[in-house]
Amino acid sequence: MLVQPAVSRRRFTTAVQNSLSSERKPHFDKILIANRGEIACRVIRTAKKLGIKTVAVYSEVDANSLHVLEADEAYCIGPAPSAESYLRMDKIIDVCRRSGAQAVHPGYGFLSENAKFAERLAEEGIVFIGPPSSAIVSMGSKSESKNIMSAAGVPCVPGYHGANQDADLLFAEAEKIGYPVLIKAIHGGGGKGMRVVSSASQFKDALASAQRESLKSFGDADVLVEKYIERPRHIEVQVFADTLGNAVSLWERDCSVQRRNQKIIEEAPAPGLSPDLRADLSAKAVAAAKAVNYVGAGTVEFIFDNDTEKNTRLQVEHPVTEMITGLDLVEWQLEVAAGNPLPLSQVQIPLVGHAFEARIYAENPRNDFLPDSGPLLYLDTPKPTHVFAHPIPPLPRNDSCSELDSVKRSPDTSTHVASSMRLEQGFTQGAQIGVFYDPMIAKLVVHGRDRTSALRALRRALEEYKVVGVSTNVEFLRMLAGNGAFVNGEVETGFIKKHYEDLFPVVESPSAELLAQAALFVALREHPIQSAGLSTPWTTLTSRRFGGDVYERTIFIQPDDASADPTRVSLKSISPGHFDIAVHSATPMSFTGVLARLVSPTTLSTTLNGASTETTIVSQRSPPSHPASRATNTMERLHVFSVSGTKATLAISSPAYLLSLGQGVLTSSKGALRAPMPSLVVEVKVSIGDRVEKGQPVVVLESMKTETVLRAEVAGVVNAVGCAKGEMVEEGRELVDIKEDE
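Residues numbered from 1 in each chain as written. Predicted model: local features only at pLDDT ≥ 70, side-chain atom pairs only at ≥ 80, totals over all residues. Heavy atoms only, no water.

**What about the overall build of the protein chain?**
To keep it simple, the criterion reads: Strands are runs of DSSP state E lasting at least 2 residues, helices are runs of H or I lasting at least 4, and numbering of each runs from the N terminus. A 1.4 Å probe rolled over the protein chains alone gives each residue an accessible area, and that area as a share of the maximum for its type sets the label: buried under 20%, exposed over 50%, partly exposed in between. In this analysis, two residues are considered to be in contact whenever any of their non-hydrogen atoms come within 4.5 Å of each other. We get accessible surface area from the Shrake-Rupley algorithm with a probe of 1.4 Å; when it comes to residues, only the shown protein chains can shield them.
Broken down by element type, the protein chain carries 21 helices and 41 strands. Scored against the burial criterion, the 742 residues of the protein chain give a buried share of 55%. By sequence separation, contacts in the protein chain at least 24 residues apart represent 66% of the contacts at least 6 residues apart. Summed over its atoms, the accessible surface of the protein chain is roughly 31,000 Å², and 51% of this surface lies on carbon and sulfur atoms.

**Focus on the sheet that holds strand S35 (residues 679-684)**
So the rule is basically this: Paired strands are those between which DSSP finds at least two bridges.
Spatial strand order, S38-S37-S35-S40: 4 strands in an open sheet with antiparallel pairing. Looking at which strands have only one partner, the edges of the open sheet turn out to be strand S38 (706-711) and strand S40 (728-729). Two strands pair when backbone bridges link them, and S35 and S40 are joined in this way by 2 bridges, in the antiparallel orientation. Bridged to Leu680 within S40 is Met728.

**Thoughts on the packing of helix H14 (residues 451-463) against helix H15 (residues 474-481)**
Quick note on the threshold: Lines fitted to C-alpha atoms define the axes, with helix axes restricted to the stretch in contact, and inter-axis angles between N-to-C directions lie between 0 and 180 degrees. Should an angle fall under 35 degrees it is called roughly parallel, over 145 degrees roughly antiparallel, and 65 to 115 degrees roughly perpendicular, with every other angle called oblique. Definitions for this section: a left-handed crossing has its near helix turned counterclockwise from the far helix by less than a right angle. A right-handed crossing has that turn clockwise. Think of it as three bins: nonpolar holds Ala, Val, Leu, Ile, Met, Phe, Trp, Tyr, Cys and Pro, charged holds Asp, Glu, Lys and Arg, and polar takes everything else, Gly as well.
The N-to-C vectors of H14 and H15 enclose an angle of 155°; their axes lie 9 Å apart at closest approach. Comparing the axis directions of H14 and H15 gives the class roughly antiparallel. In this structure, the crossing between H14 and H15 has a hand that is left-handed. Note on element contacts: H15 touches H14 through Val474, Leu477, Arg478 and Ala481, opposite Leu455, Leu458, Arg459, Leu462 and Glu463. Partitioned by chemical class, the residues of the contact of H14 with H15 number 6 nonpolar, no polar and 3 charged.

**Some remarks on the packing of aromatic side chains**
So the rule is basically this: Aromatic pairs are defined between Phe, Tyr and Trp rings, using the six-membered ring for Trp, whenever the two ring centres lie within 6.5 Å; interplanar angles under 30 degrees are classed as stacked, those over 60 as edge-to-face, and all others as tilted.
Using the criterion set out here, one finds 12 aromatic pairs in the structure. For the ring pair Phe356 and Phe486, a centre distance of 6.0 Å and an interplane angle of 45° mean the geometry is tilted. Here Phe356 is found in strand S17 (residues 354-361), whereas its partner Phe486 is found in helix H16 (residues 484-487), with 130 residues between them in sequence. In this structure Phe356 comes out as buried when scored by relative accessible area, which is 0%. A centroid spacing of 6.3 Å and a plane angle of 55° characterise the contact between Phe436 and Tyr437, whose relative ring orientation is tilted.

**Some thoughts on helix H9 (residues 200-218)**
Stated formally: Expected span of a helix, by definition, is 1.5 Å for each gap between consecutive residues, and there is one gap fewer than residues. The quantity called bend is, for any residue, the angle between two axes fitted respectively to the seven residues ending at it and the seven beginning at it.
Compared with an ideal rise of 1.5 Å per residue, which puts 19 residues at 27 Å, H9 spans 27 Å between its outermost C-alpha atoms and is within 8% of the ideal. When the local axis directions of H9 are compared, the greatest deviation, roughly 25°, occurs at Ala206. Looking at the buried residues of H9, the elements they touch are helix H8 (167-177), strand S7 (181-185), strand S8 (194-197), strand S9 (223-227) and S38. Immediately downstream of H9, the backbone of Gly219 shows phi near 75°, a positive value.

**Thoughts on the sheet that holds strand S4 (residues 103-105)**
Pairing is parallel across the open sheet formed by 5 strands, whose spatial order is S3-S2-S1-S4-S5. At either margin of the open sheet sits one strand with a lone partner, and together these are strand S3 (73-76) and strand S5 (127-128). In the packing of helix H2 (residues 37-49) onto the sheet, contacts are made with strand S1 (30-33), strand S2 (53-58) and S4, and the angle to S1 comes to roughly 170°.

**Concerning the side chain of Gln517**
Turning to its location among the elements, Gln517 is positioned in helix H19 (residues 512-526). Apart from the residues lying within four places of it in its own chain, the contact partners of Gln517 are Leu604, Thr606, Leu608, Thr613, Thr615 and Ile617.

**Considerations on the pairing of S2**
Going by this rule: When the strands point away from the viewer and the path from the first strand over the helix to the second turns clockwise, the crossover is right-handed.
Taken across its 6 residues, S2 has 5 buried, putting it largely inside the fold. Sheet topology places S1 next to S2; 4 bridges connect them, and they run parallel. Bridge pairing links Ile33 to Ala56 in S2. Following the chain from S1 across H2 to the adjacent parallel S2, one finds a crossover that is right-handed. Here 4 bridges tie S2 to S3, and the two strands are oriented parallel to one another. Across the sheet, the residue bridging to Tyr58 is Cys76, located in S3.

**A word on the environment of Ala596**
Checked against the element boundaries, Ala596 lands in strand S29 (residues 589-600). Ala596 sits 11 residues away from Thr607 along the chain, and the two C-alpha atoms are 6.6 Å apart. Contact partners of Ala596, with chain neighbours within four places excluded, come to Leu520, Leu524, Ile529, Gly577, Phe579, Ser605 and Thr606.

**Some points on the nonpolar core**
Counted only if it meets this: For this analysis, a nonpolar core means a set of buried residues of the types Ala, Val, Leu, Ile, Met, Phe, Trp, Tyr and Cys, connected via side-chain atoms within 4.5 Å.
Counting 43 residues, the largest nonpolar core has Ile441 and Leu458 as the members making the most contacts within it. Broken down by secondary-structure element, the contributors of at least two residues to this core are S17, strand S22 (420-425), strand S24 (440-448), H14, H15, H16 and helix H17 (495-498). A total of 6 residues in this core trace back to one element, the largest contributor, which is H14. Other than its neighbours up to four places away in sequence, Ile441 contacts Ile360, Tyr361, Ala362, Leu376, Gln425, Gly426, Phe427, Ile433, Tyr465, Val470 and Thr472.

**Brief notes about unusual backbone geometry**
The omega angle of the peptide bond from Tyr179 to Pro180 is 5°, so this bond is cis rather than trans. Cis peptide bonds are those with omega within 30 degrees of zero, and the linkage from Ala268 to Pro269 qualifies with -5°. Looking at where Pro269 falls in the secondary structure, it is placed in the loop between strand S14 (265-268) and helix H10 (275-291). A positive phi angle, close to 75°, is found at Trp251, a residue other than glycine. Its location among the elements puts Trp251 in strand S11 (residues 247-254).

**Regarding the environment of Asn483**
By the element assignment, Asn483 lies in the loop between H15 and H16. A relative accessible area of 8% places Asn483 in the buried class. Between the alpha carbons of Asn483 and Leu503 there is a distance of 7.4 Å; along the sequence they are 20 residues apart. Beyond its immediate chain neighbours, meaning those up to four positions away, Asn483 contacts Phe495, His499, Asp502 and Leu503.

**Notes on the packing of H2 against helix H12 (residues 329-337)**
H12 packs onto H2 with a crossing angle of 70° between their chain directions and a minimal axis gap of 9 Å. On the basis of the axis angle, H2 is roughly perpendicular to H12. The chirality of how H2 crosses H12 is right-handed. On H12, the residues that touch Arg42, Val43, Thr46 and Lys49 of H2 are Leu329, Val330, Glu331 and Leu334. Tallied by class, residues from the contact of H2 with H12 come to 4 nonpolar, 1 polar and 3 charged.

**Section: the pairing of S1**
The alternating pattern of S1 places Lys30 and Leu32 and Ile31 and Ile33 on opposite faces, both of which are buried. For S1 and S4, the ladder comprises 3 bridges, and the chain directions are parallel. In the sheet register, Leu32 faces S4, and the bridge partner there is Val104.

Have a look at this one:
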């Protein structure tokens, strides 16, 4: 079991060397990872490197997940809902007993900040690879942590952090604090159980929603209420502490660019931070860790409002930090959990180059970043250069270096560093992104000599990342990485709102060239060019095509928008692999003698207007259950990826005879509310006959641990209710129909 250390009074720059005389303890033989997705895969990779056997746990819907396949052993612990699987301490402990696992790595989220879980493991003689339960309790109790942090000289955001969770009391506290306020899950993270409230009228609904989300994500509904700092800068300092009283700073990250109070891009070090401020934040972070006797990897968050830091809590994170230090922090976690001292002292820890982490999510940025779910029909990612961070030699030990000087540093950008890229992912092509868990698909991590070169590597990697099957934020991240303000390091948590028009430019109508490529793809797929080397009676016989030997085709193509009109594209094969094309758009355009061929089922090679290109085009057919209509989700869609990384989605219009067969099946009134994504119905707030006003909450949905409130789009009377609390509903299903007032 972990030994809870006393608060060390030693200088953290030299503490490690004082403990090196003790004999090093061996690693565990077998560990269990109480998590899923990319973080479980990440822990497994380090364990394999060290020769440690791994045990995975999984829910019924995760049976074929990547972390299950990569682990040495895997055990099912229940149905899909987290409360019945990944949050079940008893089932996880039972698997530890059955498998002989000596320690549990909790990853992040789920039970990673649950003191009771750490205590239960300790009672069973199983090591929790994380902080002791006392530290979790101290940081979990915001009132206690606030006092501890203040005593340690760490400033805090004003707010209510008490144990009394009465809704009226919390409302009164919000009134005292003054709006806007932030309701935040005490045991939360990743934006779950968090709501910004701008007025008193919004408070009660926001509180209930945050508590439900927190309970489902972390097994605890307790929240705190704090003053919401508008447009702050969010900087985190990575700390690491061992059981012997040593603690170090592994430098900071900037996590300011967020949506739904959840970060989508991180970078290290934070741009524009002076050596003096870096030293101050590092010292405060180490003081915070020591104040609660923290053990393992932790993060101290700082919220900057007009350059004033207002501290928050401890949690875990690491990829960009690994890149600028050259360390494997999962290996450090295992070393510390085994009872060994930190591998390096503060003065030895490198700070080299710059790193970015972009989080790839299954979500629709143009629809308020609503999560999406479904199969990964096609996944083509940039090829990683490294599995772990590129090793960076530690700096020499310097016993005469003062505590301040050891952290008062600027990044080393003079050392030549080749750009490198890692991909932390938990899913492969064909995997199902479900509605029960976080919608993150992968973390794309790059490292370069300086911020400019790292950002260039990030943009290139995003250009090569292609996904079909679910909506993703890849295109948005690409726009973000190329935004002028972001390039200049002008980051803040209100960045997306501030630069919305630049990040979400008006979607232009597809060009004639794009429509021609789509038509060529369809034609070549259905009428492939015969190989010159293939000679059979069937290929040498004269054609017997009705109407002659010339292949002609007319295709109607439209943007992925039901309100857009289709464009007629006429195509004629003049010889094998050569085509004449006419695009009958508002500005008609013709292309003659176009050379084209399918290099692979998803790669089209063309010479169009004198430019030779290879374009990735992936077909996504509509589900058989969807009748033909003018809605694009009932049509075949073509996802076209250009060489510059831009993605355009086009729909092949359904033939008239199919439209006539499906006519009326998907029609609905103006007041009809449909599920915007596959979801679980959390609450139905109306009944048939109820009168509702425009904007009134009608149905609350949950998808991927995020709640979405559907509001009435018209004033009127509820005509029909097509869902019930606790029911799973598919995307596009009509949930409530409101008869609009005349």
